[in-house]
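Breakdown of the fold
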Amino acid sequence: MRFGEIYTLEEIKTTTKKIEDIDVNFMHLAQARCYAYMFLKENNLERIKVRLIYVNTDSLESRAFEYDYTINDLKEFLTNWLRVT
């Protein structure tokens, strides 16, 4: 990785739904955020792109959703999401 480049973590999900009917599933994105946080922590990095990709198993068409996060964004999300009351 060169200076200034940002890693992209891709989480790929398969579906039988029509690709144009796909929207982001909260749990799928939460899973990708967990992976992204672990990757940033392990590699002492500050920023990452997360790309959630849905692939139709019949047509092989795909649809992607991309997000940019800092380690603080992900830490805040995980702290709030995993809070047990």
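Quick notes on helix H1 (residues 26-43)
Between its first and last C-alpha atoms H1 spans 26 Å; for 18 residues at 1.5 Å apiece the expected length is 26 Å, and the two agree. Burial in H1 covers these residues: Leu29, Ala30, Ala32, Arg33, Ala36, Tyr37 and Leu40. The buried side chains of H1 occupy one side of the element, clustering within an arc of 160° when seen end-on. At its buried positions, H1 is contacted by strand E1 (8-15), strand E2 (47-56), strand E3 (62-70) and helix H2 (71-81). For H1, the N-terminal capping position is held by Asn25, with its side-chain oxygen 2.8 Å away from the main-chain nitrogen of Met27. Downstream of H1 by a residue or two, Asn44 has a phi angle that is positive, lying close to 55°.

Things to note about the packing of H1 against H2
In a pair of packed helices, the angle between the axes and the distance between the axes together describe the arrangement. In contact at an axis separation of 10 Å, H1 and H2 are set at 125° when each is read in the N-to-C sense. Taken together, the axes of H1 and H2 lie oblique to each other. For the element pair H1 and H2, the recorded crossing hand is left-handed. From H1, Phe26, Met27, Ala30, Arg33, Cys34, Ala36, Tyr37, Leu40 and Lys41 reach across to H2, where they touch Ile71, Leu74, Lys75, Phe77, Leu78 and Trp81. Partitioning the contact of H1 with H2 into residue classes produces twelve nonpolar, no polar and three charged.

Conventions adopted
Residues numbered from 1 in each chain as written. Predicted model: local features only at pLDDT ≥ 70, side-chain atom pairs only at ≥ 80, totals over all residues. Heavy atoms only, no water. Helix = DSSP H or I, 4+ residues; strand = E, 2+ residues; numbered from the N terminus. Expected span 1.5 Å × (residues − 1). Buried < 20%, exposed > 50% of the residue type's maximum accessible area, 1.4 Å probe, protein only. Arc of directions from axis to C-beta. Contact = heavy atoms within 4.5 Å. Polar contact = N/O pair within 3.5 Å; in protein donor to acceptor, adjacent residues only side chain to side chain. Axes fitted to C-alpha atoms, helices over the stretch in contact; angles between N-to-C directions. Parallel < 35°, antiparallel > 145°, perpendicular 65-115°, else oblique. Left-handed = near helix turned anticlockwise from the far one by under 90°. Nonpolar A, V, L, I, M, F, W, Y, C, P; charged D, E, K, R; others polar.

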